[in-house]
Amino acid sequence: MNLKSAAVGILFVSTLSFTATSATKVVAHRGFWNTDNSAQNSLVSFHKADSIGCYGSEIDVWLTTDDHLVVNHDRIFQGLFMETASFEELRALRLPNGEQIPTLDEYLAEVRKHPDTRLVLEMKSLTDYSREDVACGKIAELLRKHGVLNRTDIIVFSLNAAMTFRKLFPVGVKIFYLDGDLTPKKVSKLGLDGIDYSLKVLKKHPEWVRQAHDNGIEVNVWTANSEKDMKYFIDLGVDYITTDHPDKLIEILRQ
Ligand code: MG
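Residues numbered from 1 in each chain as written. Predicted model: local features only at pLDDT ≥ 70, side-chain atom pairs only at ≥ 80, totals over all residues. Heavy atoms only, no water.

K.L.:
Help me understand the overall build of the protein in this model?
P.N.:
When helices and strands are counted, the protein shows eleven helices and eleven strands. The C-alpha radius of gyration of the protein comes to 19 Å, within 12% of the 18 Å expected for a compact globule of 255 residues. When its C-alpha atoms are laid out on the principal axes, the protein stretches across 70 × 40 × 40 Å. Per-residue burial for the protein yields a buried fraction of 49% across its 255 residues. Of all intrachain contacts in the protein linking residues separated by at least 6 positions in sequence, the fraction that spans at least 24 positions is 55%. Counting every atom, the protein has about 12,200 Å² of accessible surface; 56% of that belongs to carbon and sulfur. For the protein, the separation between the mean place of its 30 positive charges and that of its 35 negative charges on side chains is 5 Å. (Helix = DSSP H or I, 4+ residues; strand = E, 2+ residues; numbered from the N terminus. Rg over C-alpha atoms; globule rule 2.2 N^0.38 Å. Buried < 20%, exposed > 50% of the residue type's maximum accessible area, 1.4 Å probe, protein only. Contact = heavy atoms within 4.5 Å. Areas by Shrake-Rupley, 256 points an atom, 1.4 Å probe, with all protein chains shown as cover. Lys, Arg positive; Asp, Glu negative; His and termini not counted. Charge placed at Lys NZ, Arg CZ, Asp CG, Glu CD.)

Dropping the structure here:
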C-alpha cells in the first residue's frame, strides 16, 4: 500500500467512526408505549421499542415498602403510593394494556430476549437515603443476575443514588444525572458519565452540550416530542434524545 492509499484508508475509517459516534441515538421514554396494545413501562413496550430499532428503552423503578423492585412511573398510581403500598396491592392493579405492573426481575428477563436494545433504567428517588441505598443494591444484584450490565445505563435524579451506584459500579456502567441543577463540569468531576437533562434546562443552557463533551461526558435530553424540538437537539449535537414518539424520531433521523 502506498502512502496515498493509506491516507485515503485512514480518512475513510475516521469518517466512518465519526458518523457512528456523532449520530443521535433514540431512547423510547417509558418504552414505546404510544402504539397499539402497549402501555408505559409495560413488558410489551420494551419489545415494541426493540421492534422499531430504538437504541434504548427507558423504564422507571420503585422499591416497595416490602422491598420489591417494580417497574412503573407515577409516584401515586391508581390511588396507591408506590413507596408505601405493598407488593401484593400493586400487583392487583392493571396497566392500560392489561399487564400487571412488572417486577424488575420480569422486566430484565424481557430485556434479555432483545439483545439489540439497551435498557435505560431510572431509579426513582425515595424518601430517605437508606431506602435508596437498599434499592441501588438490589438493582445491581438483578442486573448481574440477568447478565445485562453491559447493556444498561442508569439514570437518577438523586445524587445520593448516583454516588451509591458509582460505588457499586466503579467502571463499565454509565450513570447519568437527571436533575438539571449541576453544570456538566461538576457532573464530570463527580465521576458520572453524563447529564440527562430536561429540554427546558438544555434550551436555557445550550452551551452545556459542548461543555459536557469537552469534559468527556455524554448528553441525553428528555422529553423531546415535537419535530421542532427533535431537530433542535439533533442540530445541537446531543448524544441521545428521549421521546414519547421514537417512531417519529427514527423517521426524522433517516431523512
Ligand atoms: Mg423516567
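Continuing now.
K.L.:
Is there a simple way to think about the packing of aromatic side chains in this case?
P.N.:
Aromatic rings in a pair are described by how distant their centres are and how their planes are angled relative to each other. For the structure shown, the criterion picks out eight aromatic pairs. Each ring, one from Tyr55 and one from Tyr240, has its centre 5.7 Å from the other, and the planes form 50°; the classification is tilted. Highlighted residues: Tyr55 in the loop between helix H2 (43-51) and strand S2 (56-63) and Tyr240 in strand S11 (residues 240-243), separated in sequence by 185 residues. Seen in terms of ring centroids, Phe176 and Tyr240 are 5.9 Å apart; in terms of plane orientation they differ by 90°. Their pairing is edge-to-face. In this pair, Phe176 sits in strand S8 (residues 174-177) while Tyr240 sits in strand S11, placing the two residues 64 residues apart along the sequence. Accessibility classification places Phe176 together with Tyr240 in one group, the buried group. It is Lys25 that lies over the ring of Tyr55; its NZ or CZ is 5.6 Å from the centre. (Phe/Tyr/Trp six-rings, centres within 6.5 Å; stacked < 30°, edge-to-face > 60°. Lys NZ or Arg CZ within 6 Å of the ring centre and 35° of its normal.)

K.L.:
Help me out: how do you make sense of the coordination of the magnesium ion in this one?
P.N.:
Ideal donor angles around a metal are set by the shape: a four-donor tetrahedron calls for 109.5 degrees, a six-donor octahedron for 90 or 180 degrees. Donor atoms from the polypeptide that coordinate the magnesium ion comprise Glu58 (OE), Asp60 (OD) and Glu122 (OE), at 2.0 to 2.1 Å from the metal. For the magnesium ion, the single-chain donor residues occur in sequence as E-x1-D-x61-E. Here Glu122 lies in strand S6 (residues 118-123) and Glu58 lies in strand S2, a separation of 64 residues in the sequence. (Donors = N, O, S within 2.8 Å, 3.2 Å for Na, K, Ca; no water.)

K.L.:
How should unusual backbone geometry be read in this particular structure?
P.N.:
Glycine aside, the phi torsion of most residues is negative, and most peptide linkages are trans. Following Trp222, the chain continues to Thr223 via a peptide bond in cis, the omega torsion being -20°. Positive phi, normally seen in glycine, also occurs at Arg30, with a value near 60°. Of note, Arg30 is situated in the loop between strand S1 (25-28) and H2. Given a relative accessible area of 15%, Arg30 falls into the buried group.

K.L.:
So what exactly am I meant to see when it comes to helix H10 (residues 227-236) here?
P.N.:
An α-helix turns once every 3.6 residues. As a result, residues three or four positions apart point the same way. When H10 is considered as a whole, its buried residues turn out to be Asp229, Met230 and Phe233. Along the axis of H10, the buried residues cluster in a sector spanning 100°; they form a single face. Projecting away from the buried face of H10 at angles above 90 degrees are the exposed residues Lys228 and Asp235. Residues of H10 that are buried in the fold lie against helix H8 (199-204), strand S10 (218-222), S11 and helix H11 (246-254). (Arc of directions from axis to C-beta.)

K.L.:
Teacher, can you tell me more about empty space enclosed by the protein here?
P.N.:
Summary: where empty space remains is shown by rolling a probe the size of a single water molecule over the atoms. Following the criterion strictly, the structure yields one cavity of 30 Å³ or more and no others. When its volume is computed, the largest cavity comes out at roughly 40 Å³. Of the residues in the lining of the largest cavity, the class split is five nonpolar, one polar and one charged. (1 Å grid on protein atoms, 1.4 Å probe; cavity = no way out; pocket = protein on both sides within 12 Å on 5 of 7 lines; lining within 4 Å. Points joined across faces, edges and corners; volume = space filled by probe spheres on them. Nonpolar A, V, L, I, M, F, W, Y, C, P; charged D, E, K, R; others polar.)

K.L.:
Honestly, the nonpolar core in this entry has me stumped. Any pointers?
P.N.:
One recurring pattern in soluble globular proteins: nonpolar side chains tend to sit buried together. In terms of nonpolar packing, the biggest core is built from 70 residues, with Leu104, Ile139, Leu143, Phe165 and Tyr197 touching the most fellow members. It is helix H5 (residues 129-145) that contributes the most residues to this core, six residues altogether. (Core = buried A, V, L, I, M, F, W, Y, C linked by side-chain atoms within 4.5 Å.)

Without other data, these values stay purely geometric and don't point to any function.
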